Amino acid sequence: MSVNGWAKEAGSLLGTNRTMPSDCDPSLATVAQLLGKHGIQGLVIVGGFEAYHCVLQLAEARDQFAEFRIPLMCIPASISNNIPGTDVSLGADTALNAIVEALDVLQKSATSNRRRVFIVETMGGYCGYLATLAGLAGGADSAYIFEEPFTVNDLQADLTDMIGKFRSDLLRGTGTIVRNELCSEQYTTQFLMSLYNAEGEGLFVARELILGHLQQGGAPSPYDRCLGARFAVHALSSLIQKATESLTDGCVSAMSPSTACVVGVVGKNSTCTPAQELKGRTDFKHRLPLEQWWITLRPLIKVLARSKKYAFEGEKYHAERDETDAGVCDWMDIS
């Protein structure tokens, strides 16, 4: 199989499979049998949360199946960017570009059809990375995500803010609310649109936009193309090194947790973190890392949108915030 030209191709030319090893019939034994049959001495799995979980399952079953005692590498590839062990996963930047481009188009359209508020729904599962970064880059007024629970009081405050902005700026063309697809079961995209239409005091008309699969399948961004090469080089070099170190009588026998890893980028460094170490830092129910670096950027959305809750006085940042905000915004003191 030739891979010439794949760097610029969208989607997965290798195909995808969401089936976990533990879901096979009869369970992990089938996977072990196939690995042994084909003499597999190392495995690189490219994919999203399931790929990470798969590496973890195989590593934890090494005591039971000798066929899993091989170097295992996960290359994180998911637009949701919800895989622990890396700051960014392959595909997230491309999806983010698609969302921001859509937000730009909406705002341009409002220059002729003024007085519009757009409720934009993004993908990402329970992870609010796309909604947050798109809201920040696209100049949104608010961005709702699962990781930061919100109430009807928050919705009311944001609506009041929006009304105030349209009242004070008669030439204001648009407002934008970004909503992660699973941020709330009750406050749906349709609900938010109805709320803004009903309570907007005639100052604007609200419209919804569910981007859906337009966020997937686009030509990879330059960043993602370079990131893919970086991940591949690091994964293969690590796999070869760990396979060499695990040789016993000419056969690979990898039992150490360090031989089953998630390749990633943390800060500026390429990393290779054991999947079993990441297990304690993962919310498996919601398919999320317990700690996500971009959460601290969220107050900037409100600051840049000139929310009443946040204001600049002189050279120092101030926020009228309740106790739930404490600690989140303190790092933004720019004095």
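Located above this text is the structure these notes cover.
The rules we used
- Residues numbered from 1 in each chain as written.
- Predicted model: local features only at pLDDT ≥ 70, side-chain atom pairs only at ≥ 80, totals over all residues.
- Heavy atoms only, no water.
- Helix = DSSP H or I, 4+ residues; strand = E, 2+ residues; numbered from the N terminus.
- Buried < 20%, exposed > 50% of the residue type's maximum accessible area, 1.4 Å probe, protein only.
- Salt bridge = Lys/Arg side-chain N within 4 Å of Asp/Glu carboxyl O.
- Arc of directions from axis to C-beta.
- Contact = heavy atoms within 4.5 Å.
- Polar contact = N/O pair within 3.5 Å; in protein donor to acceptor, adjacent residues only side chain to side chain.
- Core = buried A, V, L, I, M, F, W, Y, C linked by side-chain atoms within 4.5 Å.
- Pairing = 2+ DSSP bridges.
- Axes fitted to C-alpha atoms, helices over the stretch in contact; angles between N-to-C directions.

Caption draft 1: Summary view of unusual backbone geometry. For Asn81, which is not glycine, the phi torsion reads 55° and is therefore positive. By secondary structure assignment, the location of Asn81 is in the loop between strand 2 (72-76) and helix 3 (92-109). Judged by its relative accessible area of 4%, Asn81 falls in the buried class. Its identity as a non-glycine residue notwithstanding, Arg287 has a phi of 55°, on the positive side.

Caption draft 2: Spatial organisation of the pattern of salt bridges. Counted by the stated rule, this structure contains eight salt bridges. Across the pair Arg179 and Glu121 runs a salt bridge whose closest N-O atoms are separated by 3.5 Å. Of this pair, Arg179 sits in strand 5 (residues 174-180) while Glu121 sits in strand 3 (residues 116-122), and the two are 58 residues apart along the sequence. In this structure Glu121 comes out as buried when scored by relative accessible area, which is 14%. For the salt bridge of Arg167 with Glu201, the shortest nitrogen-to-oxygen distance reads 2.2 Å. With a gap of 34 residues between them, Arg167 in helix 5 (residues 152-168) and Glu201 in the loop between helix 6 (189-199) and strand 6 (205-210) connect regions that are remote in the sequence. For Arg167, a relative accessible area of 51% corresponds to the exposed category.

Caption draft 3: Structural detail: helix 6. Along helix 6, the positions that sit buried rather than exposed are Thr189, Leu192, Met193 and Tyr196. Along the axis of helix 6, the buried residues cluster in a sector spanning 100°; they form a single face. Contact partners of the buried residues in helix 6: strand 3, strand 4 (142-144), helix 5, strand 5 and strand 6. One or two residues past the end of helix 6 sits Glu201, with phi positive at roughly 55°.

Caption draft 4: Layout of the side chain of Asn180. Here Asn180 is to be found in strand 5. Polar contacts involving the side chain of Asn180 include one to the main-chain carbonyl oxygen of Cys127, which spans 3.1 Å. Only 3.0 Å separates the side chain of Asn180 from the backbone nitrogen of Leu182, close enough to count as a polar contact. Leaving out residues up to four positions away in the same chain, Asn180 has contacts with Thr122, Met123, Gly124, Gly125, Tyr126, Cys127, Gly128, Ala131, Tyr144, Ile145 and Phe146.

Caption draft 5: Representation of the nonpolar core in the model. Of all hydrophobic cores here, the largest spans 36 residues; its most connected members are Leu96, Leu103, Tyr129 and Leu130. It is helix 3 that provides the largest number of residues to this core, a total of eight residues. Not counting chain neighbours up to four residues away, the residues in contact with Leu96 comprise Tyr129, Leu130, Leu133 and Ala134. Leu35, Val55, Ala61 and Ala260 belong to the second largest nonpolar core, which has 25 residues in total.

Caption draft 6: Up close: the sheet that holds strand 3. Spatially, four strands are ordered 4-5-3-6 in an open sheet, and the strand pairing comes out parallel. Either end of the sheet is taken by a strand with one partner, and the two such strands are strand 4 and strand 6. Put simply, the sheet's adjacent strands are angled 20° from each other on average, direction ignored. Against the sheet, helix 4 (residues 129-137) contacts strand 3, strand 4 and strand 5, and its axis sits at roughly 160° relative to strand 5. Along the sheet face, helix 5 touches strand 3, strand 4 and strand 5 and points at about 160° away from the line of strand 5.

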